Amino acid sequence: MSVNTRRSSGSSARGAACAAVAALLAAGCVTRPPPAPEKIREQALGGVALDHPWKSPQPAQGSVQDNWLASFGDSTLDALVREALVANPDLRAASARMRQAAQYLVQARAPQFPAVDIGGTGGFKASGGGGDPSSALQGVVAAASWELDLWGRVRYGKKAAAEDNVSARADYEFARQSIAAAVAKAWFSAIQLSQQARLAGEMAESSTALAGLAGDRERVGAGSDVDTALARATAHNLADARAQAEYARDQALRALELLLGRYPAAEIAAAADFVALPPAPPAGVPLSMLERRPDVIAAERRVAAAFNRVGQAKAAMLPQITLNLNFGYFDSDILQLKSDFENPSGGAGARLLAPIFQGGALRAQVRIRTLQQEEALADYAGAALRALNDVESALAAGRVLATRVHNLSDAFDEQQRAFTLTETSLRIGRADRRALEQQRMAAADARIALLAVRAEELAQRVNLHLALGGSFETPPAPPPQ
């Protein structure tokens, strides 16, 4: 409601006093802060200890390092990651969600400030006698309103939106790290499968040569038709293996191109061989990982946002007081304003809205928000446990893969040595062409097994960096204080 400016000065004084008291009440009602991160971890994980070393053997001691992409020393991989950060559709969508969260925060802050509106009206009435048209009513009105946030409903909503904004930014950072890791692993897979397709082709050529030799031996009586049939069957099987390897290579190239935002044409050129495996990074302790890994931070902030929404729902059950202020000017050639109406005029007032009966809706909303907080806490527990498992699994896999690479490297070296010895035997007449081709195939098969494990070792090294929460790039320096 509004009050005309001609009211007594006593009424104005009482209104000002009421406004001052309301402002003091608003200032004195302090909202409760959400649980601290360590409290959230305690509630979510119970008695799980986090300050001990990892259970799996750690390759190195020290704190987690950033800029892991540079440790691979692959300029082509660096360029591919930069391309994906610009063009990857999933990352662009994550960026849009992050920017939406920032705008939701702007919306949530808005009720803390007075809302000001202005409106106007105008028109004219034509004279029946043909005279000049007269203005029916013209005027302009300005109005302002401001809710006294006595119980913190608006502030709780703003704090919840602020936590959502932090969570969205952390989700986006983890999406960037995940895209960089996915590109690196897809690049290693493309190298492996390209080399495997080449070796499968060499094995198919050797098997074709062996089938021809078996046919020659059959014709001269040194072999049987069974030997020829078996050699030809092996050649057909290896030709099929070659086709499968080429298909797998093309699929790997398409997967990499999709990550880069390119058309999936399987036209990207893979490197001829892997880069050397960089030294193992320090893994820190579980607690430090949970404190820096972006997806865990995002889940933690969603718990805080849910806490603030519980407070917002409880405050919505209490009365709301809104202050109003208006000012207007009106003019008309037709209508006659009352003699005691001052023009322009203004007024001030207040509106009280107290919920009495809502059919249980407000209490249900409090329960819903409380259950959502429980859900967010359980989601955080799941995210934290998955993160711990990611690190433990990557550490364990790194140790096992290092052993496998060592064993398969030795096996491949022995196969290569056997191939060289067979070549020598062929030159001096102590072996035939069949033995050489068979040994060539055995060496290629050993090379394929070694390539698969080396690619897995590189991929697990990337998984370890991602699991630890280390950034693939050097974070920007903090602004000077």
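Right, let's walk through the structure included here.

## Quick notes on empty space enclosed by the protein
Gaps left between atoms are located by rolling a probe of water-molecule size over the structure's atoms. In this structure the tally under the stated criterion is one cavity of 30 Å³ or more. Put simply, the largest cavity is a space of about 50 Å³. As for the largest cavity, its lining consists of E147, L148, D149, L150, W151, R153, A315, L318, P319 and Q320.

## Let's talk about the packing of helix α2 (residues 37-45) against helix α9 (residues 361-427)
Between α2 and α9, whose axes approach to 9 Å, the crossing angle comes to 85°. The angle between α2 and α9 falls in the class roughly perpendicular. Contacts from I40, R41, Q43, A44 and L45 in α2 reach L377, Y380, A381, A384 and L385 in α9. Among the residues forming the contact of α2 with α9, the class breakdown is eight nonpolar, one polar and one charged.

## Some words on unusual backbone geometry
Positive phi values are uncommon outside glycine, yet N67 reaches one of about 60°. Tracing the backbone through its elements, the reader meets N67 in the loop between α2 and α3 (75-87). A relative accessible area of 30% means that N67 is categorised as partly exposed. Positive phi values are uncommon outside glycine, yet A266 reaches one of about 55°. Assignment of secondary structure puts A266 in the loop between α6 (225-259) and α7 (286-292). Note on A266: relative accessible area 18%, which makes it buried.

## Structural notes on the pairing of strand β1 (residues 115-121)
The element β1 is largely exposed, with a buried count of zero among its seven residues. Pairing of β1 with strand β4 (residues 138-148), which is carried by seven bridges, proceeds in the antiparallel orientation. Across the sheet, residue D117 finds its bridge partner in β4, namely A143.

## Topic: the nonpolar core
The tendency in soluble globular proteins is for nonpolar side chains to be buried side by side. In this structure, L77, V183, F188 and L256 are the most contacted members of the largest nonpolar core, which totals 44 residues. Listing elements by their share of this core, those giving two or more residues are α3, α4 (89-109), α5 (153-219), α6 and α10 (433-468). The biggest single contributor to this core is α5, with 16 residues. Each residue touching V183, except ones within four places of it in the same chain, is listed here: L77, L80, V81, A84, L256, L259 and L260. Membership of the second largest hydrophobic core comes to 27 residues, among which are L50, W54, A299 and L468.

Analysis parameters
Residues numbered from 1 in each chain as written. Predicted model: local features only at pLDDT ≥ 70, side-chain atom pairs only at ≥ 80, totals over all residues. Heavy atoms only, no water. 1 Å grid on protein atoms, 1.4 Å probe; cavity = no way out; pocket = protein on both sides within 12 Å on 5 of 7 lines; lining within 4 Å. Points joined across faces, edges and corners; volume = space filled by probe spheres on them. Axes fitted to C-alpha atoms, helices over the stretch in contact; angles between N-to-C directions. Helix = DSSP H or I, 4+ residues; strand = E, 2+ residues; numbered from the N terminus. Parallel < 35°, antiparallel > 145°, perpendicular 65-115°, else oblique. Contact = heavy atoms within 4.5 Å. Nonpolar A, V, L, I, M, F, W, Y, C, P; charged D, E, K, R; others polar. Buried < 20%, exposed > 50% of the residue type's maximum accessible area, 1.4 Å probe, protein only. Pairing = 2+ DSSP bridges. Core = buried A, V, L, I, M, F, W, Y, C linked by side-chain atoms within 4.5 Å.

Geometry only, nothing functional implied.
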